[in-house]
Amino acid sequence: MGKRKNSLSVLLASLFLIFALFLAGCTSDEDASTDEPSTTDDGGSDDGGSDTTSGDEGESSTEGSTLATVEDRGYVVVGGNGQLPGFGYVNSDGENVGFDVDFGKAIAAAIFDDPEAIEVRPLSAQERFTALQTGEIDILIRNTTWTTTRDTELGTHFAPTTFYDGQGIMVTKESGITTLAELEGARIGVETGTTTELNLADQFRKLGITYEQVVFDDSDSLVEAYESGSVDAWTTDKSGLVSRQATLTEPEAHKILSEALSKEPLGPTVRQGDDQWFNIVKWVTFATIEAEELGINSENIEEFMDSEDPVIRRFLGNEGELGAMMGLPNDFAYRVIKHVGNYDEIFARHLGPDTVFNLERGLNENWTNGGLLYSPPFR
Amino acid sequence: MSSSLKPEESVKQTLEPPKSTLGINGWLKKNLFNSFFNSILTVVSVLVIYFILKGSITWVFTTAQWAVVTENYRLFMVGQYTIDQLWRVWTCLGFVSLLFGLSAGIWKGTIRNLSIVLMLLYLVHTIVPFVSSTGKMWLAINIAIILAGYFIGPRLPKSKAITLVGWFISFPLIIFLLNGFGVFSPVKTNIWGGLLLTLLISVVAILGSFPIGILLALGRTSKLPIIKYFCITYIEIIRGIPLITVFFMAQIMIPLFLPEGFEINNVIRVMIGATLFTAAYMAENVRGGLQSLQRGQFEAAKAIGLNPVHSMAFIIMPQALRAVIPAIVGQSISMFKDTTLVAIVGLIDLLGIAQTVKANPEFLGRHMEVYVFIALVYWVIAYSMSYSSRRLEKSLGVGER
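Residues numbered from 1 in each chain as written. Chains lettered and ligands numbered in written order. Predicted model: local features only at pLDDT ≥ 70, side-chain atom pairs only at ≥ 80, totals over all residues.

(A) Main features of the overall build of chain A. Helices and strands together make up the secondary structure of chain A, namely 14 helices and 14 strands. Within chain A, the proportion of its 379 residues that are buried is 50%. Long-range pairs, those at least 24 residues apart, make up 74% of the contacts in chain A with a sequence separation of at least 6. (Helix = DSSP H or I, 4+ residues; strand = E, 2+ residues; numbered from the N terminus. Buried ≥ 20, exposed ≤ 12 C-beta atoms within 10 Å, placed from the backbone. Contact = placed C-beta atoms within 7 Å.)

(B) Fine view of the overall build of chain B. Counting its regular elements, chain B contains 18 helices and 0 strands. In terms of overall size, chain B is more extended than a compact globule, its C-alpha atoms giving a radius of gyration of 27 Å where 401 residues would be expected to give roughly 21 Å. Across its three principal axes, chain B shows a C-alpha extent of roughly 95 × 70 × 50 Å. Per-residue burial for chain B yields a buried fraction of 32% across its 401 residues. A sequence separation of at least 24 residues applies to 73% of the contacts in chain B between residues at least 6 apart. (Rg over C-alpha atoms; globule rule 2.2 N^0.38 Å.)

(C) Broad picture of the nonpolar core. If you look at the biggest cluster of nonpolar residues, it comprises 151 residues, and the most contacted ones within it are Ile107(A), Ala110(A), Val284(A) and Val336(A). The element contributing the most residues to this core is helix α13 (residues 266-292) of chain B, with 12 residues. Apart from the residues within four sequence positions on either side, Val284(A) is in contact with Ala106(A), Ile107(A), Ala110(A), Phe332(A) and Val336(A). (Core = buried A, V, L, I, M, F, W, Y, C linked by C-beta atoms within 7 Å.)

(D) Fine view of the sheet that holds strand β10 (residues 212-216) of chain A. Residues and elements named next belong to chain A. Across the sheet, which stays open at both edges, the 5 strands sit in the order β10-β9-β11-β8-β12 with mixed pairing between neighbours. Both outer strands of the open sheet, β10 and β12 (254-256), are each paired with one neighbouring strand and no more. Neighbour-to-neighbour, the strand axes of this sheet turn through a mean angle of 30 degrees, independent of strand direction. With 5 bridges connecting them, strand β9 (residues 187-191) and β10 associate as parallel partners. Considered in β10, the bridge of glutamate 191 is made with phenylalanine 216. Sheet strands in contact with helix α7 (residues 195-207) are β8 (167-172), β9, β10 and β11 (233-237), and its direction is about 145 degrees off that of β9. Against the sheet, helix α8 (residues 219-228) contacts β9, β10 and β11, and its axis sits at roughly 165 degrees relative to β9. (Pairing = 2+ DSSP bridges. Axes fitted to C-alpha atoms, helices over the stretch in contact; angles between N-to-C directions.)

(E) Quick peek at the confidence of the model for chain A. Residue and element names in this part refer to chain A. Model confidence for chain A is summarised by a mean pLDDT of 82, while 83% of its residues fall at 70 or above. Here residues 1-6 is modelled with pLDDT under 50, and outside its nearest four sequence neighbours on either side it reaches 0 contacts, counting other chains as well. Low pLDDT, under 50, characterises residues 19-62; the predicted model gives this stretch 101 contacts beyond four residues in sequence or across chains. (pLDDT = per-residue confidence, 0-100.)

(F) Representation of helix α12 (residues 243-257) of chain B. Residues and elements named next belong to chain B. Given a rise of 1.5 Å per residue, 15 residues ought to cover 21 Å, and the 20 Å separating the end C-alpha atoms of α12 matches this to within 8%. By the largest-angle criterion, alanine 250 marks the main kink of α12, which is about 35 degrees. Those residues of α12 not exposed but buried are Phe247, Phe248, Ala250, Gln251, Ile252, Met253 and Pro255. (Expected span 1.5 Å × (residues − 1). Bend = angle between axes of the 7 residues up to and from the residue.)

(G) Examining the pairing of strand β1 (residues 76-80) of chain A more closely. Residue and element names in this part refer to chain A. For β1, the tally of buried residues reaches 5 of 5 residues, placing the bulk of the element in the interior. Along β1, one buried face is formed by Val76, Val78 and Gly80 and the opposite face, lined by Val77 and Gly79, is buried too. As judged from the 5 bridges shared by β1 and strand β4 (residues 118-122), these two strands associate in the parallel manner. When the bridges of β4 are listed, valine 78 appears paired with valine 120. Looking at chain direction, β1 and strand β5 (residues 139-140) are connected through 2 bridges and run parallel. Within β5, the position partnered with glycine 79 by the bridge is leucine 140.

(H) Looking closely at helix α9 (residues 159-179) of chain B. Residues and elements named next belong to chain B. Helix length check: α9, at 21 residues, gives a terminal C-alpha distance of 29 Å against a target of 30 Å (1.5 Å per residue), a fit within 8%. Roughly 40 degrees is the biggest bend found in α9, and it falls at serine 170, with proline proline 172 one to four residues downstream. Looking only at α9, the buried set comprises Thr163, Ile174, Leu177 and Leu178. Elements in contact with the buried residues of α9: α6 (86-107). Looking one or two places after α9, you find glycine 180, whose phi comes out positive at around 100 degrees.

(I) Spotlight on the interface of chain B and chain A. Taken together, the 33 residues of chain B in the interface contact 37 residues of chain A. Every element with two or more residues in the side of chain B that touches chain A is listed here: α5 (73-78), α11 (225-240), α12 and α17 (350-357) of chain B. With 8 residues, the single largest contributor to the side of chain B that touches chain A is α12(B). Of the residues contributing to the side of chain B that touches chain A, the split by class is 16 nonpolar, 12 polar and 5 charged. (Nonpolar A, V, L, I, M, F, W, Y, C, P; charged D, E, K, R; others polar.)

(J) Layout of the domain arrangement of chain A. Residues and elements named next belong to chain A. According to the domain assignment, chain A contains domain 1 (56-164 + 265-369) and domain 2 (167-262). With centres defined by C-alpha atoms, the gap from domain 1 to domain 2 works out at 31 Å. Here the side of domain 1 that touches domain 2 is composed, by residue class, of 4 nonpolar, 2 polar and no charged. (Domains from an automatic or database assignment.)

(K) Region of interest: the packing of α11(B) against α13(B). Residue and element names in this part refer to chain B. Remark: α11 packs on α13, axes separated minimally by 9 Å, with the N-to-C direction vectors making an angle of 115 degrees. Pair α11 / α13 crosses with left-handed handedness. Residues Tyr234, Ile235, Ile238 and Arg239 of α11 touch α13, and the partners they reach there are Leu276, Phe277, Ala280, Tyr281, Ala283 and Glu284. Residue composition of the contact of α11 with α13, grouped by class: 8 nonpolar, no polar and 2 charged. (Left-handed = near helix turned anticlockwise from the far one by under 90°.)

(L) Highlighting unusual backbone geometry. Even without being glycine, Asn143(A) reaches a positive phi, approximately 25 degrees. Within the secondary structure layout, Asn143(A) lies in the loop between β5 and α6 (148-152). Under the C-beta neighbour-count criterion, Asn143(A) is labelled buried, with 31 such atoms within 10 Å. At Lys108(B), a residue that is not glycine, the phi angle is positive and equals roughly 50 degrees. Following the sequence through the fold, Lys108(B) ends up in the loop between α6 and α7 (109-127).

(M) View of the domain arrangement of chain B. Residues and elements named next belong to chain B. Domain boundaries in chain B define domain 1 (73-186) and domain 2 (188-401). Look at where the C-alpha atoms of domain 1 and domain 2 centre, and you get two points 24 Å apart. Only α5, α7 and α9 provide two or more residues apiece to the side of domain 1 that touches domain 2. Here the side of domain 1 that touches domain 2 is built from residues that sort into 11 nonpolar, 4 polar and no charged.

(N) Expanded view of the environment of Ile201(B). Residue and element names in this part refer to chain B. Residue position: isoleucine 201 is located in helix α10 (residues 194-220). On the basis of neighbour count, isoleucine 201 is assigned to the buried category, with 24 C-beta atoms found within 10 Å. For the pair isoleucine 201 and aspartate 349, spaced 148 residues apart in sequence, the C-alpha separation works out to 9.1 Å. Isoleucine 201 has contacts with Val270, Met271, Ala274, Thr339, Val342 and Asp349, leaving out every residue within four places of it along the chain.

(O) A look at the pairing of β8(A). All names here are of chain A. Of all the 6 residues making up β8, 5 are buried; the element is thus mostly covered by neighbouring parts of the structure. The pairing of β8 with β11 spans 5 bridges and is classified as antiparallel. Of the residues in β11, the one forming a bridge with methionine 170 is tryptophan 234. In the sheet, β8 pairs with β12 via 3 bridges, with the strands oriented antiparallel. Residue pairing in the sheet places methionine 170 in a bridge with isoleucine 256 of β12.

Next comes the structure, spelled out in C-alpha cells:
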C-alpha cells in the first residue's frame, strides 16, 4: 500500500514538473499562434501588430547570397496567399495567378528571363514571417501591410508598396448613410482577429460613435449576414469590399463610404541581411512602375529598343550598367516588362475593369496621374 | 394469447390475417396515426421534412451553380500536381484497384462490398461529362483491373501471400511513384494537394500511429519506471494539447529549431505531427483493450511456457486489439477528418483547395457548393471506414462472446 502511494506521488510530481516545463517551453509558440489569430484574412490588414520571434534568425540565416542560392536552385520561392481573390489564388488549370503572384513572376523574369521560374508556397498569416526568416521562401508577397514592428523587430525589409489599400465600410444605399458619424448605433460586421476589428474600434472611439460590433470567422459568412440584413454595415479593406460588391445579388444597391479607417500599404517583403537581394526586389518592382510612366508595355517594348532617349536606353539596359550593379543582367527591366508587363498591365489583368473587381486605380495611379506610385530615376 | 383461444378459432385467425397490418393504409394507421398526439406529431414532422427537403432540393438543382466543382474537379482530387505527370497518380490508383480486386476475389465479404463501391464510384466518374477523356480511359482501365483481380485472384497460386505483400509495399510504392525520387522527374510535395494529400496524411497518421501506439500502451503498463513514466508523460502531454497546436509547432517552431540549411519538408512535418498525435490516443485505446483481458490470460500464457514476446504476440494482443476495434476505427475516422486542420497551417488538402477555389474570381460567392461537395467526399470515405469496421467486428464476433 505504502509503495503504491509513493509511486503515485512520484507520478504526480513528475507530471507537474513536465507540465510546467512544457508550459515554459511553449510560451513563445502560444504567442505565435494567438498573436495573429486571423486565419482566412481576406484583406491586407490581417496583422495583429506584433509578431513573435525577433529578427536574429533573419540575419543569421542569410549568410550566403540569396541571389546565388536562387540561381543555383533555378527558381524563386515566393511565399504567397493562396486564398485572396485577385491577389493570389489557383485557377481551374491549377496555376497560381494573381496580382501578388505577378510581382513574383517579375523577379523570376529579371533573373532567369522566365516568368514561370517560380514556386508559390501558400502561407497562412501566422507562418509567413517564420517562413521568410528561416529561408524557406526567398520573398514574401502576401498582402502584407508595411508597419514599423515588421520593418524593425521582425527583421524584414519592405520593398516599394505595390498596392495602397485602406479599410472601408459598406452600407446599403437604402440606409442613406454617407458618413461614419451617421453609423451611430448601427450593427457593424467585422472579421474576428484582424486589424480591421481594432481599426474599427479605434476610429469609432475617436469619433465618439457607439456601435454594435458583430464578429464573424470568415468573410463568406460575414457577407451572407450583411446580405440577409442581420448587420447594417460591414468593414474590411476597400479592395475586398469592392471585389465582394460585384458578387452581391444586387451590386447597385450598396455603396462604400469614401472615408477610410486605416492605411494599408501592401508590398513585397524580404529578410534583412542581404542588401543585394533587397535591391533586386526593390528595383524590379520600381521597373514596373517606371515602365508605366515611360509608356512602355509588353506589347510596344520592341519599338522602344532603338529609342534615342537616354532615360529609356538606360532603363532597358542598352546603356549603362544598372543591372550589373545588383548582380542582374543589364536588360533586367526589359525582361520584366516583356514577360510580365508594366504596373498598369498587371493591375488591369487582375483587378481592372475587365475583371469582376473593376477596381479604380485611385491611390495606385502613377504619380503623373495624381497617384502615389513613384519610381526613383533609373540611373 | 393464442393459448387462450380454442383450436378452431386460432385456425380461423390464421386464415384471416388481422386487418391492421394490411397494406399501406394499415401500416400508416398502426405506426403513424395510432393516437391523437401521434397523428399531430406525424403531420408536423411531415411538414418539417417537406420544407427541409424542398429547400435543399431546390437549392441543389436550381440555385446552386455546380460549375465551381466540375471545372475545378482535378484540383479537388490532386491539387496542383503537374498535369503531364498525372499518369503516376493514375498508376497508383490502378495498383490500389488491383489490390482491392484481388482481395475481393480471395476474401469476399466486406472487401468485396468496398470494391463494388469503388467500382461504382469509378463508373459514376466515367459517365459524368466533366471528366476529361484521358481520365475516363484511366477509370475504365481501373474498372477492368478490379474485375480482372476479382476473377484471377482466387485462381492464382499463393494469391493470399502475394496480395498481402502487395498491400504492404503499396504505400512506399505510391510515395515513390508520386515523388519520383530521381527515377522520374521529381514532383515536389508542396504541390501535392486536394484529396490526394488528405488521404496520404491520414493513411500515414493511421498506419504509423498503430505500432507506436501499441508500444506506448505496452510501455505504460511496463514495470520499468523510466519506460513507464516516459510513456505516461508522452501520452498525457500529447493528449493535453489540441491537434492544431501540434500542427503550429510542426509548421512554425520546428523550422526555427533546425540548424542552418537543414530543412524538413512541410508535408513531412505535418505527417510526423499527425502520427505522433494519433499515437497517444491509439495507446490509450490499446491499453483499454489490455485491461479488458482477465489476469488468467496472462497466467495461462505463462503456464504453457510462452516467453513474454510470444505471449504478447499470440495471446494478449490479438484479444486486446479485437476488443477495441470500434475505438481504434473511431480514432482513425476522427484523424481522417482532423487532417482538415492542415489547411490552417498553409497546406492545401481537400479543405485547403476548397478555400483556394472559392477565392477564384470566376467563382466568387460559390462557397456553399464547394463546402457541400467536400462534405460529401468526407462522408463517403468516413462512412466506408465505419462500415468496414462494423463488418470486421461482426466477423470477429466482438461483443458476442
